[in-house]
Amino acid sequence: MFKKVLIANRGEIALRVHRACKELGVATVAVHSTADANALHVRLADESVCIGPPAPKDSYLNIPAIISAAEITGADAIHPGYGFLSENARFCEIVKAHNITFIGPDPTHIRTMGDKIAAKEAAGGAGIPLVPGSKGSLASYEEGRRWAEEIGFPVLVKAAAGGGGRGMKVAKTPDALQEAMSTAKAEAKAAFGDDAVYLEKYLERPRHIEIQIIADSFGNVVQLGERDCSLQRRHQKVLEEALSPALMPHERAEIGEIARSAIARLGYLGVGTIEFLYENGRFYFIEMNTRLQVEHPITEQVTRIDLVREQIRVAAGMPLSFKQEDIVFRGHSIECRINAENPKTFRPSPGEISYFHAPGGPGVRFDSAIYSGYRIPPYYDSMVGKLIVFADDREFCIRRLRRCLKEMQLTGVETTIPLFLDLLEQPDFLNGDYHIHWLEEWLAADAL
Ligand code: ADP
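Residues numbered from 1 in each chain as written. Predicted model: local features only at pLDDT ≥ 70, side-chain atom pairs only at ≥ 80, totals over all residues. Heavy atoms only, no water.

When its secondary structure is counted, the chain shows 15 helices and 20 strands. Every one of the 448 residues in the chain was classed for burial, and the buried ones make up 58%. Counting every atom, the chain has about 18100 Å² of accessible surface; 50% of that belongs to carbon and sulfur. Between the centroid of the 51 positive side chains of the chain and the centroid of its 59 negative side chains there is a distance of 2 Å. (Helix = DSSP H or I, 4+ residues; strand = E, 2+ residues; numbered from the N terminus. Buried < 20%, exposed > 50% of the residue type's maximum accessible area, 1.4 Å probe, protein only. Areas by Shrake-Rupley, 256 points an atom, 1.4 Å probe, with all protein chains shown as cover. Lys, Arg positive; Asp, Glu negative; His and termini not counted. Charge placed at Lys NZ, Arg CZ, Asp CG, Glu CD.)

Laid out in C-alpha cells, this is it:
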C-alpha cells in the first residue's frame, strides 16, 4: 500500500479521497489554490501545499506545481479525483516519469478514450454496441451528407475532441447539416484546438445509462451495475439513480456482461464508466470515462462496495477484494447534486454560507466540503454537495429524499434544493418515466 497520497483536486471529491486514504492507513497531502486556503480538504489533510492563484490553469491544472508538491512532501501516489487533470494522459505520463503512481488507468487508455472517434473504434472492436454513425472524421460536407443519408436524419454532429457537450449540433435536413457542421467545427476549434467532427444518428428520446466497472492487475474485472443519469440540464447531470427504473433484469445482466468483457479485452486497470444511450430496448455506446465519477456513491450504496478504497488498492497492485459473483444489488439509491445557484435561472450564487445543517438519519449520506461560515469561491464549479439517499425500494427512497431536502439548512447563498423538491412531485419522475430531454422540457414548460 502507498505511504502518502497527494490529492490533486478540491471540494467534496478531495475529501472523499482523503477519507478513503485515512481508512486505509495512508497519509494525505492536499494541494490548494490561494482561494482554498481555508477549505476543509486542506484542514483535514495531514499536509498541504499551496500550488498557485485561484484560476484553475494556475493551480489545479498546474502540472509542474503539483509534481513539485508531490516531490517536496514525498508522496508516492497521486489521486486526480474527477475533472481537472483526471483525464489528462500527459499528466499521467509525467507523474509516472517521476516514479509516482498515478491512481488511474494507463495513459494509453486515457488517450484512446479521450478521443471520441478512437474510443468508438476501441469500444466497437471490444464488442460494445455503437450509435450508427460515420466511420472516422468527416473530410467535407459532401462526405457528411452521404453518411447522413445512409444513417437517416436527424443526425448529430459531434467533435472528436468533445467534452462537456461542446461542439455538438443536431441537423434534421441536408441544408441544416451544412450549417451544423460549420458551427460544430468552429466551436470545437475554439474549445479544443481540434476541428475534427463526425456524425451520429440523433436519438430522440433516449435515457443515459452508464455501467460502473473496476479492474485489478490480476485480470479480475467486475461490473457494478448501472446508474441512470437521464435527468440532465445542458448535458450536465442533475440527479442520478441506481439502479435504473427502466431496465429489465435480463437487460441489466446483458449490458453489464458486455461492458465487463469489453474491459477485460482492453486490459484496463482501475475504475471506469461506460456510458450508453438507451432507447427502445437497445444500448448505444457514447463514451467511456477513465476516472471516478461524481455519481459513484449511488453505486456504492446498492453494492455495499467502497469504490475509492478499491480504486486505491488496485492502483497499489492489490487484488480486488470481491469477485463478480459476490455482487448482489440491494435497495435503491438517488443522488441530488446541490448547486449554489438560483433554482430558476441557474445563475451561480457564490458567497458565504451563513448557516449549514446537514440532514441525517438512516440511509443518508451528504458528500460535501462546506460548513457554516464557509465562503464559496466564484472560480470553480457551483456544486456544493451531493445528497445521497438509500432505501429498500425506489418509492421509499424518494420519500426519504424529500424528508432530507426539507431537513437541510443552507443559508446565505441560493441553492437548487427548491428545484429538487419540485422535481420530486412530478408524476413522470415518480413513475420513472423520463429521458435525457425531459428535465429541460419540464423547466421550459414551468417557465411559461
Ligand atoms: P460530452 O463528452 O461532450 O459530454 P457525450 O458524447 O458524452 O459528450 O454526450 C453528452 C450528452 O449528449 C449525452 O448524455 C446525451 O444527452 C447527448 N448525446 C450524445 N450523443 C447523442 C446521440 N447520438 N443522440 C442523442 N443525444 C446524444
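Now, onward.
What follows covers the packing of aromatic side chains. Applying the stated criterion across every chain, the model contains ten aromatic pairs. Residues Phe 429 and Tyr 434 carry aromatic rings whose centres are separated by 6.0 Å and whose planes lie at 15° to one another, so their mutual orientation is stacked. Per residue, the accessibility class of Phe 429 equals that of Tyr 434, and both read buried. The ring of Phe 346 carries Arg 233 above its face, with NZ or CZ at 3.8 Å from the centroid. (Phe/Tyr/Trp six-rings, centres within 6.5 Å; stacked < 30°, edge-to-face > 60°. Lys NZ or Arg CZ within 6 Å of the ring centre and 35° of its normal.)

With that settled, consider the nonpolar core. One broad rule of soluble globular proteins: the nonpolar side chains tend to lie buried together. Counting residues in each nonpolar core, the largest one holds 42 residues, and the members touching the most others are Leu 239, Ile 338, Leu 387, Leu 423 and Phe 429. Those elements that provide at least two residues to this core are β11 (236-242), β14 (332-339), β17 (364-368), β19 (383-391), α12 (394-407), α13 (417-423) and α15 (438-447). If you tally residues by element for this core, the top one is α12, at five residues. In this view, Phe 429 contacts Leu 231, Leu 239, Glu 241, Ile 334, Arg 394, Ile 398, Leu 423, Leu 424 and Tyr 434; residues no more than four positions away in its chain are not counted. Counting residues in hydrophobic clusters, the runner-up holds 29 residues, among them Ile 13, Ala 14, Ala 77 and Val 222. (Core = buried A, V, L, I, M, F, W, Y, C linked by side-chain atoms within 4.5 Å. Contact = heavy atoms within 4.5 Å.)

Take the pairing of β17 next. Every regular strand shows the same layout, with side chains that alternate between the two sheet faces. Of all five residues that make up β17, five are buried, and the element is covered over most of its length. Covered by surrounding structure in β17 are Val 364, Phe 366 and Ser 368 together with Arg 365 and Asp 367, the residues of both alternating faces. Note: β17 against β19, five bridges, orientation antiparallel. For Arg 365, the partnering residue across the bridge sits in β19 and is Ile 388. (Pairing = 2+ DSSP bridges.)

Here Glu 341 lies in the loop between β14 and β15 (351-352). We note that Glu 341 is buried and unpaired, the nearest opposite charge coming from Arg 233 at a distance of 5.2 Å. (Salt bridge = Lys/Arg side-chain N within 4 Å of Asp/Glu carboxyl O.)

Now for the site of the ligand. Taken together, 20 residues form the shell around the ligand, and within it Lys 116, Lys 158, Gly 165, Lys 201 and Glu 287 come nearest. For the ligand, a nitrogen atom lies 3.0 Å from a polar atom in the side chain of Glu 200. Among the secondary structure elements, those contributing two or more residues to the shell around the ligand are β6 (155-159), β8 (197-201), β12 (270-279) and β13 (282-289). Per-class residue counts for the shell around the ligand are eight nonpolar, six polar and six charged. Viewed by domain, the shell around the ligand spans two of them, domain 2 (132-201) and domain 3 (207-447), each represented by three or more residues. (Near = heavy atom within 4 Å. Polar contact = N/O pair within 3.5 Å; in protein donor to acceptor, adjacent residues only side chain to side chain. Nonpolar A, V, L, I, M, F, W, Y, C, P; charged D, E, K, R; others polar. Domains from an automatic or database assignment.)

On to unusual backbone geometry, then. Leaving glycine aside, a negative phi is the common case for residues, and trans is the common case for peptide bonds. Residue Phe 153 is joined to Pro 154 through a cis peptide bond whose omega torsion reads -5°. By secondary structure assignment, the location of Pro 154 is in the loop between α7 (141-151) and β6. In this model, Arg 234 sits at a positive phi of 50°, which is unusual for a non-glycine residue. By secondary structure assignment, the location of Arg 234 is in the loop between β10 (221-233) and β11.

Once that is clear, we can look at the sheet that holds β6. Strand order across the open sheet formed by three strands is β7-β6-β8, with antiparallel pairing between neighbours. Strand pairing shows two members of the sheet lacking a second neighbour, β7 (169-171) and β8, which therefore form its edges. Mean inter-strand twist for the sheet, computed between neighbouring axes without regard to direction, equals 30°. Note: β6 against β7, three bridges, orientation antiparallel. Each residue of the ladder has a partner; that of Val 157, found in β7, is Lys 169. Each of β6 and β8 is contacted by α7, which is oriented at about 15° to β8, the strand it contacts most. Helix α8 (residues 174-192) rests against β6, β7 and β8 of the sheet, and its axis sits at about 170° to β7. (Axes fitted to C-alpha atoms, helices over the stretch in contact; angles between N-to-C directions.)

On to the pattern of salt bridges, then. In this structure the tally under the stated criterion is 34 salt bridges. Here Glu 93 and Arg 111 are joined by a salt bridge, their closest N and O atoms 2.8 Å apart. Of this pair, Glu 93 sits in helix α4 (residues 89-97) while Arg 111 sits in helix α5 (residues 107-114), and the two are 18 residues apart along the sequence. By relative accessible area, which is 42% here, Arg 111 ends up partly exposed. Across the salt bridge formed by Glu 287 and Lys 116, the nearest N and O atoms sit 3.6 Å from each other. Of this pair, Glu 287 sits in strand β13 while Lys 116 sits in helix α6 (residues 116-125), and the two are 171 residues apart along the sequence. Among the charged side chains, a salt-bridge network with shared partners connects Glu 210, Arg 227, Lys 237, Glu 240, Glu 275, Glu 295 and Arg 337.

Turning our attention to the domain arrangement of the chain. What the domain assignment reports for the chain is domain 1 (4-103), domain 2 (132-201) and domain 3 (207-447). A separation of 23 Å is found between the C-alpha centroids of domain 1 and domain 3. In this assembly, 30 residues from domain 1 lie in contact with 29 residues from domain 3. Of the roughly 2300 Å² buried between domain 1 and domain 3 on both sides combined, carbon and sulfur atoms contribute 60%. Counting the contacts that link domain 1 with domain 3 gives four salt bridges. With a shortest N-O distance of 2.8 Å, Asp 306 and Arg 16 are connected by a salt bridge. Between domain 1 and domain 3 we count eleven residue pairs in polar contact (both at pLDDT 80 or more) in total. Taken together, the elements giving at least two residues each to the side of domain 1 that touches domain 3 come down to α1 (11-23) and α2 (40-44). Here the side of domain 1 that touches domain 3 gets nine residues from one element, more than from any other, and that element is α1. Counted by class, the side of domain 1 that touches domain 3 contains 14 nonpolar, nine polar and seven charged residues. (Buried area = accessible area lost by both parts, 1.4 Å probe.)

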